[in-house]
Number of protein chains: 2
Amino acid sequence: MTQSTPLHRELAPAALLSSYEALLASDLEALGVHQGHALGELFDLLGRCNPFYRRRGFDRRGDHDGDPFMTLAAQPLLSKDDLLADQREHPPFGTNLSCPESHLVRLHQTSGSTGQPLLWPDSARNWEGFLESWELVLRAAGVTASDRVYVAFSFGPFIGFWGAFEAAQKLGALTLSGGAQSSEQRLDQIVAFGATVVVCTPTYALRLAEVAESRGVDLARSAVRVTLHAGEPGASVPAVARQLEQAWGARCHDHAGATEVGAWGYPAPDGLFVDESRFVVELRDPEDGSIVPGHEIGPTIREGELVLTNLARPDRPVVRYRTGDLVRACRPGLRAESDLAVGARPDARLWLPGGVLGRLDDMFVVRGVNVYPSAVDGIVRQVPAVVEYRAEVLRDRQMSELRLRIELQPDLDDAGRRSALEQLERRFREALHLRVPIELVDAGTLPRFELKAKRFDIRERGDR
Amino acid sequence: MTQSTPLHRELAPAALLSSYEALLASDLEALGVHQGHALGELFDLLGRCNPFYRRRGFDRRGDHDGDPFMTLAAQPLLSKDDLLADQREHPPFGTNLSCPESHLVRLHQTSGSTGQPLLWPDSARNWEGFLESWELVLRAAGVTASDRVYVAFSFGPFIGFWGAFEAAQKLGALTLSGGAQSSEQRLDQIVAFGATVVVCTPTYALRLAEVAESRGVDLARSAVRVTLHAGEPGASVPAVARQLEQAWGARCHDHAGATEVGAWGYPAPDGLFVDESRFVVELRDPEDGSIVPGHEIGPTIREGELVLTNLARPDRPVVRYRTGDLVRACRPGLRAESDLAVGARPDARLWLPGGVLGRLDDMFVVRGVNVYPSAVDGIVRQVPAVVEYRAEVLRDRQMSELRLRIELQPDLDDAGRRSALEQLERRFREALHLRVPIELVDAGTLPRFELKAKRFDIRERGDR
């Protein structure tokens, strides 16, 4: 995928977006004015009311000639560890609050897969901002008040798809909670209620399709016309998207977000757009740590870790937050780098081809090749005979090992099995120049997942 | 309990209620004007836009001298079977809709324990009305913006405590979803997050207390100061309320509602108040089917099936709906029946002592005594040594049989067990004049419940 992709012809019609986002998308200069104004207000609030950011210097920051982007650039980057440490020292919520605790109305927590869960409370104003981001995601996926939106999510303390559910209701769509249901019950409900939109992780959409097939339910004949995903890179990976669209007979869309940031990415062809009306973007080079501000990204693709400042959740914002997401970014609506200096253009939206390419934490090196779990996923999903898989990575600073266990469709004959294995081996050679050992396991033996899949068993060499 | 209970001294302070409800509570005449106006508007809407009620005569109803209460009294009673039949004939939702289908934003379904589940869609206006009822429930229980409200509910397609969750958020309280969590996880969260209010069924509150005890967690030392219940009569049954309050070291409150009606009852001392600002009450005599309108209920207690017309969910209302709930009702703030004619009084709220006494469907007759499951519950809960129980009823038109299986606290010695059995037998004799066979079973063998308990195994004689 390169910048020459004629993306500007495939963009969602501007009518789907509000005039506000349409304005921002069409005019870099207006975007800069809007972001500068919002940043200035945010920094002022943080300096006055937010103990966490006051300690980080916001009460004594220079005025940088009144340029909020310079103030931003002078601020240290923020990591999840910083937020966790603050919360540990100031339980239960930490000091990143610009409002009294009594203003808080929602509480969520991250899954804490890497240890201590991070608690994330939101004020009414923050939660409203979160839902506004989600409304853009839904509208960009073509969801309207006439849709019936089924959210196949457990509605627990994780932020997950709470935003999708509530924003769809605000939008006027008919919303259905799929909490506390088995996969079989969810399928029955999707069909019986005539759901037109299904929201879940890519992994779980494939799981539902598998259950449907085993029960003789033809999802392509259901009323579902859109599936909307997040939590994993899946729906931006072409092979996964194809598999999802074939299984559901519906158009699949991706979005991206995080508990502590919000829903920052909305559906784009073959990837994501960044909602720059509510998020200020920077890219960090994973090698040398250098930073490129979002307004310096033009038609040339740049790669790096996404660093975000959110504008719509001011009572607990993140400023220069290292998301850990590796992305490639460009503005394909611009023709030349010089367009950046000019400002106004018909479509200047920031596009991430392939969406989130992977989590920086999850990268490993196999025989000199940088490999992300999402890349492995993209390769495996090109072989439709694969029902489920599990990857084992023994990671090492010098050289990691990667092995795969796969489950094939149960009705496959010997020739089909051989062919699937050969295809997989060839595709790994072609895409990553790697020979990956693949083991075939019995149908139904690998774990299935409801939210984010944990298919990668990554161990550090020396771990016991 | 009689009308002489000095309830007017125990009422929640009027400041807890909005001025709107305070007005209605204080003045029967104003209540009549408000209800008459709202009924007139509702009937007009139904005659113009609601196919279900048009078929039931609302497009050609006489104007009854312009008296909407006379129009109401001329309307046939409505049963759940009527709604189910309509939905079966006009899938998926039936014809009880006063708005276009595209206006619907929420969908729920009843549990369908008696067969086909009833689907219940709500428009934005309806859902707002539902949340307003819930806000009154929360305020009457003393919940404020400073509270942290933990909703121990699975957040599935049942309406359950969705309203509590969203209304608490609207009220400005910090809300925590307990969906998709084990009882152990919920306990940890309640303690760690410093929840001050816990919302769940009475059965599940006792279950959580049992789990807490087995893990050495002292709930009385938690921050929880209020528990709020529904789904079962429990919290209005004094013995159950005492057990709940001892286990949690918190004040317990009841409320009542149903998917198809809304949250019609809010906490009162030893029972419920009816929210007459949003619900018009009638009482139906279970014997002769005669009806007493709510505005004819004075200080004398009357017993009957609660029949409700809701005013705040006009896009799918129920008019003269037989709830199946047996209640006793009075207005203890009035001194004499003649007060009814006068109108204005300092507190004219409709009180249901004991809350919902039982479901008419669930009543059975044992040796000439009318018995409701809630009465059995109230007796069993007077004996703290009982951890869980299960009742078997072999029901017959002439004479049913009732047997009990009970589980006692595991650390009880022989004498304690004998004493508990003797207490139970004595209390059944005293309260119901019945000798009930009781069998002791091993600890942990009876089923536990998360939502509504199903402790009564009621079989009709002749069932196979």
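Within each chain, residues carry numbers counting from 1 in the order of the written sequence. The naming scheme follows written order: chains are lettered A onward, ligands numbered 1 onward. Two thresholds apply to this predicted model, a pLDDT of at least 70 for residue-level local features and 80 or more for giving and counting side-chain atom pairs, whereas whole-chain, interface and lining totals are computed over all residues. Excluding hydrogens and water, the side-chain values take into account all heavy atoms of the structure.

A. A look at the domain arrangement of chain A. All names here are of chain A. Residue ranges for the domains originate in an automatic or database domain assignment. The domains assigned to chain A are domain 1 (7-127 + 257-360), domain 2 (142-254) and domain 3 (363-460). The centre of domain 2, based on its C-alpha atoms, is set 25 Å off from the matching centre of domain 3. Here a residue-residue contact requires only that any non-hydrogen atoms of the pair lie within 4.5 Å. Facing 17 residues of domain 2, the contacting portion of domain 3 comprises 15 residues. Salt bridges are counted wherever a side-chain nitrogen of Lys or Arg sits within 4 Å of a carboxyl oxygen of Asp or Glu. A salt bridge links glutamate 210 to arginine 448, with the shortest nitrogen-to-oxygen separation between them at 2.5 Å. Two N or O atoms count as a polar contact when they lie within 3.5 Å, although within protein this holds only if one can serve as hydrogen donor and the other as acceptor, and sequence-adjacent residues are included solely when both atoms are side-chain atoms. For the interface between domain 2 and domain 3, the tally reads two residue pairs in polar contact (both at pLDDT 80 or more). Working definition: helices are DSSP H or I runs of at least four residues, strands are E runs of at least two. Numbering for both runs from the N terminus. Those elements giving two or more residues to the side of domain 2 that touches domain 3 turn out to be helix 10 (202-214) and helix 11 (238-248). Residue composition of the side of domain 2 that touches domain 3, by class: eight nonpolar, five polar and four charged. Nonpolar residues are Ala, Val, Leu, Ile, Met, Phe, Trp, Tyr, Cys and Pro. Charged residues are Asp, Glu, Lys and Arg, and all others, Gly as well, are polar.

B. View of the nonpolar core. By convention a nonpolar core is built from buried Ala, Val, Leu, Ile, Met, Phe, Trp, Tyr and Cys residues, the set being connected through side-chain atoms within 4.5 Å. When a residue's accessible area, from a 1.4 Å probe over protein chains only, is under 20% of the maximum for its type it is buried; when over 50% it is exposed; and in between it is partly exposed. Ranked by internal contacts, the top residues of the largest apolar core, which has 68 residues, are A:Trp134 and B:Trp134. Discounting chain neighbours no more than four positions away, the residues touching B:Trp134 are B:Phe161, B:Gly163, B:Ala164, B:Ala167, B:Leu228, B:His255 and B:Ala263.

C. Structural context of the interface of chain B and chain A. On the chain A side, the residues contacting the 32 residues of chain B number 32 residues. For any pair of parts, buried area is found by adding up, for both, the accessible area (1.4 Å probe) each one loses once the two are put together. The junction of chain B with chain A conceals about 2,600 Å² of combined surface from both sides, 59% of it contributed by carbon and sulfur atoms. Viewed at the interface, chain A and chain B are joined by two salt bridges. The shortest N-O distance in the salt bridge between A:Arg148 and B:Glu101 comes to 2.7 Å.

D. Inspection of the environment of A:Pro233 at higher detail. Residue and element names in this part refer to chain A. Here proline 233 is to be found in the loop between strand 6 (226-229) and helix 11. Owing to a relative accessible area of 24%, proline 233 belongs among the partly exposed residues under this scheme. Spatially, the C-alpha atoms of proline 233 and glutamate 184 are 25 Å apart, while their sequence positions differ by 49 residues. Proline 233 has contacts with Asp254, Val356 and Ser374, leaving out every residue within four places of it along the chain.

E. Highlighting the relation of the copies chain B and chain A. Least squares is the method used to superpose the copies, on C-alpha atoms of residues holding a pLDDT of at least 70 in both. Rotating chain B by 180° about the axis while translating it 0.0 Å along that axis superimposes it on chain A, leaving an RMSD of 0.0 Å. Considering both components of the superposition, the chain copies are consistent with a two-fold axis. Closest approach to the rotation axis among the C-alpha atoms of chain B is made by B:Phe155, whose C-alpha sits 3.0 Å away. Interface overlap between copies is the fraction of interface residues in one copy that are interface residues in the other; for chain B against chain A it reaches 100%, indicating a shared surface.

F. Layout of the sheet that holds strand 19 (residues 386-395) of chain A. Residues and elements named next belong to chain A. The strand order 21-20-19-22 describes an open sheet built from four strands, whose pairing is mixed. Because the sheet does not close on itself, it has two edges, and the strands there are strand 21 (438-441) and strand 22 (456-460). Each neighbouring strand pair of the sheet contributes to a mean axis angle of 15°, computed without reference to strand direction. Each of strand 19, strand 20 (401-408) and strand 21 is contacted by helix 14 (residues 414-432), which is oriented at about 150° to strand 20, the strand it contacts most. DSSP bridges decide pairing: two strands pair if at least two such bridges lie between them. Note on geometry: axes are lines fitted to C-alpha atoms, helical ones only across the stretch in contact, with angles between N-to-C directions running from 0 to 180 degrees.

G. Representation of the packing of aromatic side chains within the structure. Only Phe, Tyr and Trp rings take part, Trp by its six-membered ring, and two of them pair if their centres are within 6.5 Å. Stacked means planes under 30 degrees apart, edge-to-face means over 60, and tilted covers everything else. A full pass over the atoms with the stated rule returns 25 aromatic pairs over all chains. Between A:Phe43 and A:Phe58 the ring centres are 4.8 Å apart and the planes differ by 40°, which places this aromatic pair in the tilted class. Taken together, the residues A:Phe43 in helix 3 (residues 28-49) and A:Phe58 in helix 4 (residues 51-58) connect sequence positions 15 residues apart. With relative accessibility at 1%, the residue A:Phe43 sits in the buried group. Between B:Phe155 and B:Trp162, the aromatic rings sit 4.9 Å apart at their centres with planes inclined by 90°, giving edge-to-face as the arrangement. Within the aromatic cluster, the residues linked to one another by ring pairs are A:Trp134, A:Phe153, A:Phe155, A:Phe161, A:Trp162, A:Phe165, B:Trp134, B:Phe153, B:Phe155, B:Phe161, B:Trp162 and B:Phe165. To sit over a ring, a charge needs its Lys NZ or Arg CZ within 6 Å of the ring centre and within 35 degrees of the ring normal. A cation over an aromatic ring shows up here: A:Arg106 above the ring of A:Trp162, its NZ or CZ 4.7 Å from the ring centre. One residue, B:Arg316, lies across the ring of B:Trp120, its end atom 4.2 Å from the ring centre.

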